[in-house]
Amino acid sequence: MAGERRTTALPGGIDRLYRAGLRTAGVIVLAIMATVGLFLLDRGFSALAVAKWRFLSTQNWQPDSHNFGIAAVLPGTLLIAGVAIVVAVPLAIGMALFISEYLTGWWQRTLTSAVDLMAAVPSVVFGLWGFHFLQGDIGITDLSAWLARYLGWIPLFAVTGADPDDPLASRTVYTSSTFIAGIVVGLMVMPIICAVMREAFSQAPAGEREGAYALGATRWGMIGAVVLPFGRGGMIGGTMLGLGRAMGETIAVYMIVAAVYRFQPHILQNGANSVSAMIALQYGSASQFGLSALMAAGLVLFLLTLVVNFAASAVIARSRSGQMSEG
Amino acid sequence: MTTLSRTRRNTNAAQDSERAAVWGGLLGAVALTALLFTQVVPYIGIMAYVVVGYLVFLCLYALLISMDNDRQAVKDRVIATLIALVALLALLVLTVIVIYVFIRGLQALSHLNFFTDDLSLAGSLDPLTVGGIIHAVIGTLEQISIALVITIPLGIATSVFLSETRGVFTRFVRTIVEAMTALPSIVAGLFIYAVVILALGFSKSGLAAGLALSVMMLPIIVRAADVVIRLVPGNLREAGLALGAGQWRTMWHVVLPTARSGLTTAVILGTARGVGETSPVLLTAGYTAAINADPTSGPQVSLPLATFTLMQSPQPDMVARGFGAALVLMFVVLTLFLVARVLGGRPAGVLSARQQRRRALASIADLRRFQDREDS
């Protein structure tokens, strides 16, 4: 067959249309995302311009009398997320190690699926379980009372207005607390953390595992020498990913806590709040300015989860690049 | 020549003596703890019994193992039981959540009218034989459909854009999309509430809820689909281009079919997240107890929102309906998840048995066609 053979793609025709289409999709998504971000910034700053630095130091939420700030709800968010991480991380490490190192075959696949499925259980289900089962049926408040009795000398675990030594005292002071909300949120983020950790553990190189065994290590010796060091990035990254999710969680916290607008430093005691729960509580009755104030709070929360998420993906990405072993 | 002993050495980690040690430790722990709590200290509670029993088991087990193993082996076995315990505990808690909602929800689900009626006629004191949640099921279906109509084409086109083009703009879009996955869902709802409902003056509706879900789901789907498309082997793409196909044809006939199962999984998992999400819907959909099949006007409730609202009621029957709605919601999520597992269980380019048969038939047909042409 005669004729010139072309060596470059023809500049035109359907491919040009295709590239234009792709670019348009990218631009649309970018426009949507940028609109959300810029709108939040714009409206948030109109509230921040009124409140100035008092926004970070005021423990109150009355935007219409210009007396509002996140000094109560932001530490509240961090406390709930902190309890959640303390609950979730040990469980996630144990689960991830058990799946990747102690199980094989059918059991490994099944438990992996089960954990992934748990990550998809809606938060409203966790919320109603926490409220009715954890706080109602089995009485997690007994555990709260026990902690308050023996650890009450630590300010974090102190409880005011109740005598922890009296076993017959009413437990209502221990309900709807940071502690209970934190446990529920922790169980909610545990599967997400576990999935990242399991992935990192299973990528530990087989050569080095065999090397450890060949040198006479027990299974735990091998895990300590090979799997955990290789999975460290995944462990840190997964934890931070879970932290980001825990800080943004709304509905489960809303359903459990008794909202307060003063900072409650006693995690076992009734009364707590978080930025997202406050938005869900306040948006309906908010004026135009009140909505801007809520957006400012939402913006601060978003910036916080943004930093945590980017740090997490940076740590995870770096641990992946380090998976290649020598030899 | 003497015959060597040829019995195979048992390499199985769990040997008979170790199994005996586990059972011995367990029996001893149960007995000792029972003795402790009946004879020495008063019974405190089941939790204390379990915790003390476990500690006793650890001590006994370590003692039994140390009778014919060294210190390293003892450490290994004790830590193995610890890890197994933590994993079982986590699994137990998650199972309890599912079973608890199942048991509480069954009460409402056992009445057939729960699936066929709405709540408009059910007063707060009416028994479970009146009213149902069909309005919430309709709302969920419509809202997630609106969200999917927006996010599937846009999300997949964007993920193709991210994986097929290079440059400053692509990197910028990828960074922004990654940043947006951190957006708390309540803030997505707040954005739609402020823009669509307050600024543009639309009423709270299913459409607004669908838009809020779209804002939330779009970055999730783009990122998941981007990962899947990047897993398509480069040599397939190069083969397409080498055969003279343009970029568009390579994408449409090679890359997308290869990544199909993974893309489906990405969309379904995004859907599962969106279906269960309450907070964006709470701000944008409004609440109604009646069927509203028109998403463009009037409040329209969805399953998670119905669950959430019914749980706030002080009436036990309303709470039971809430549990019923939660159970239906969990069933929907579970089904979506299982479908995703069945479709996405294979890596890119690996075919199911039926797909392989179809390819083989097509190949035979091609062969016949070529032979016919040669014959003529």
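What counts as what
Residues numbered from 1 in each chain as written. Chains lettered and ligands numbered in written order. Predicted model: local features only at pLDDT ≥ 70, side-chain atom pairs only at ≥ 80, totals over all residues. Heavy atoms only, no water. Helix = DSSP H or I, 4+ residues; strand = E, 2+ residues; numbered from the N terminus. Rg over C-alpha atoms; globule rule 2.2 N^0.38 Å. Buried < 20%, exposed > 50% of the residue type's maximum accessible area, 1.4 Å probe, protein only. Contact = heavy atoms within 4.5 Å. Salt bridge = Lys/Arg side-chain N within 4 Å of Asp/Glu carboxyl O. Domains from an automatic or database assignment. Buried area = accessible area lost by both parts, 1.4 Å probe. Patch = residues over 30% accessible without salt bridge, like charges linked within 9 Å, V, L, I, M, F, W, Y side chains within 5 Å. Areas by Shrake-Rupley, 256 points an atom, 1.4 Å probe, with all protein chains shown as cover. Lys, Arg positive; Asp, Glu negative; His and termini not counted. Charge placed at Lys NZ, Arg CZ, Asp CG, Glu CD. Polar contact = N/O pair within 3.5 Å; in protein donor to acceptor, adjacent residues only side chain to side chain. Nonpolar A, V, L, I, M, F, W, Y, C, P; charged D, E, K, R; others polar. Expected span 1.5 Å × (residues − 1). Arc of directions from axis to C-beta. Phe/Tyr/Trp six-rings, centres within 6.5 Å; stacked < 30°, edge-to-face > 60°.

### A closer look at the overall build of chain B
Consideration 1: Summing up its helical and strand segments, chain B has 15 helices and zero strands in all.
Consideration 2: Relative to a compact globule of 376 residues, whose C-alpha radius of gyration would be 21 Å, chain B shows 30 Å and is clearly more extended.
Consideration 3: For chain B, the spread of C-alpha atoms along the three principal axes comes to 80 × 75 × 45 Å.
Consideration 4: Per-residue burial over chain B gives 44% buried out of 376 residues.
Consideration 5: Across chain B, every contact between residues at least 6 apart in sequence was considered, and the portion connecting residues at least 24 apart equals 69%.

### Description of the pattern of salt bridges
Residues and elements named next belong to chain B.
Consideration 1: Scanning the entire structure with this criterion turns up six salt bridges over all chains.
Consideration 2: For Asp76, the salt bridge is made with Arg77, and the minimal N-O distance between the two is 2.9 Å.
Consideration 3: Looking at Arg77, the relative accessible area reads 17%, which means it is buried.
Consideration 4: Among the salt bridges present, the one from Asp366 reaches Arg369, with a minimum N-O distance of 2.9 Å. A residue pair is termed a helical-turn pair when its members lie 3 or 4 positions apart in one helix, as Asp366 and Arg369 do in helix 15 (residues 353–375) at three residues.
Consideration 5: By relative accessible area, Arg369 is classed as partly exposed at 44%.
Consideration 6: Via salt bridges that share partners, Arg174, Asp226 and Arg230 belong to a single interconnected network.

### Some thoughts on the environment of B:Ile364
Consideration 1: You can see B:Ile364 is positioned in helix 15.
Consideration 2: According to the relative accessible area criterion, B:Ile364 is partly exposed, its value standing at 41%.

### Examining the domain arrangement of chain B
Often, the extent of an interface is quoted as the loss of accessible area upon association of its parts.
All names here are of chain B.
Consideration 1: Domain assignment breaks chain B into domain 1 (18–107) and domain 2 (134–367).
Consideration 2: Taken together, the contact between domain 1 and domain 2 spans eight residues of the former and seven residues of the latter.
Consideration 3: Both sides together, the interface formed by domain 1 and domain 2 hides about 620 Å², and carbon and sulfur atoms give 81% of it.

### Describing a positive patch on the surface
Residue and element names in this part refer to chain B.
Consideration 1: On the surface, a cluster of positive charge is contributed by Arg260, Arg354, Arg357, Arg358 and Arg359.
Consideration 2: It is helix 15 that contributes the most residues to the positive patch, four residues altogether.
Consideration 3: Position of Arg358 relative to the elements: it lies in helix 15.

### Considering the interface of chain A and chain B
Consideration 1: Across the contact, 72 residues belong to chain A and 78 residues belong to chain B.
Consideration 2: Of all residues in chain A, the largest losses of buried area upon contact with chain B belong to A:Tyr18, A:Met33 and A:Tyr283, amounting jointly to 10% of the total for that side.
Consideration 3: Taken together, the links from chain A to chain B amount to zero salt bridges.
Consideration 4: At the junction of chain A with chain B, the criterion picks out eight residue pairs in polar contact (both at pLDDT 80 or more).
Consideration 5: A class-by-class count of the residues in the side of chain A that touches chain B yields 47 nonpolar, 16 polar and nine charged.

### Re helix 10 (residues 247–258) of chain B
Consideration 1: The first and last C-alpha atoms of helix 10 of chain B sit 15 Å apart over twelve residues, in line with the 16 Å expected at 1.5 Å per residue.
Consideration 2: Buried within helix 10 of chain B we find B:Thr250, B:Met251, B:Val255, B:Leu256 and B:Thr258. Looking straight down helix 10 of chain B, one finds that the buried residues subtend no more than 140 degrees of arc, so they occupy a single side.
Consideration 3: As for helix 10 of chain B, its buried residues are in contact with helix 1 (13–51) of chain A together with helix 5 (134–164), helix 8 (206–230), helix 9 (234–242) and helix 11 (260–276) of chain B.

### Concerning the packing of aromatic side chains
Consideration 1: One pass over the full model with this rule turns up 16 aromatic pairs over all chains.
Consideration 2: Taking 5.5 Å as the distance between ring centres and 70 degrees as the angle between the ring planes, the aromatic pair formed by A:Trp61 and A:Phe68 counts as edge-to-face.
Consideration 3: The exposure class assigned to A:Phe68 is buried, which follows from its relative accessible area of 2%.
Consideration 4: Arranged with centres 5.5 Å apart and planes meeting at 20 degrees, the rings of B:Phe57 and B:Tyr61 form a pair that is stacked. Highlighted residues: B:Phe57 and B:Tyr61, both in helix 2 (residues 46–66), separated by four residues, approximately one helical turn.
Consideration 5: Exposure remark for B:Tyr61: the relative accessible area of 5% places this residue in the buried category.
Consideration 6: Through a chain of ring-to-ring contacts, three or more aromatic side chains come together here, namely A:Phe55, A:Trp61, A:Phe68 and A:Phe289.

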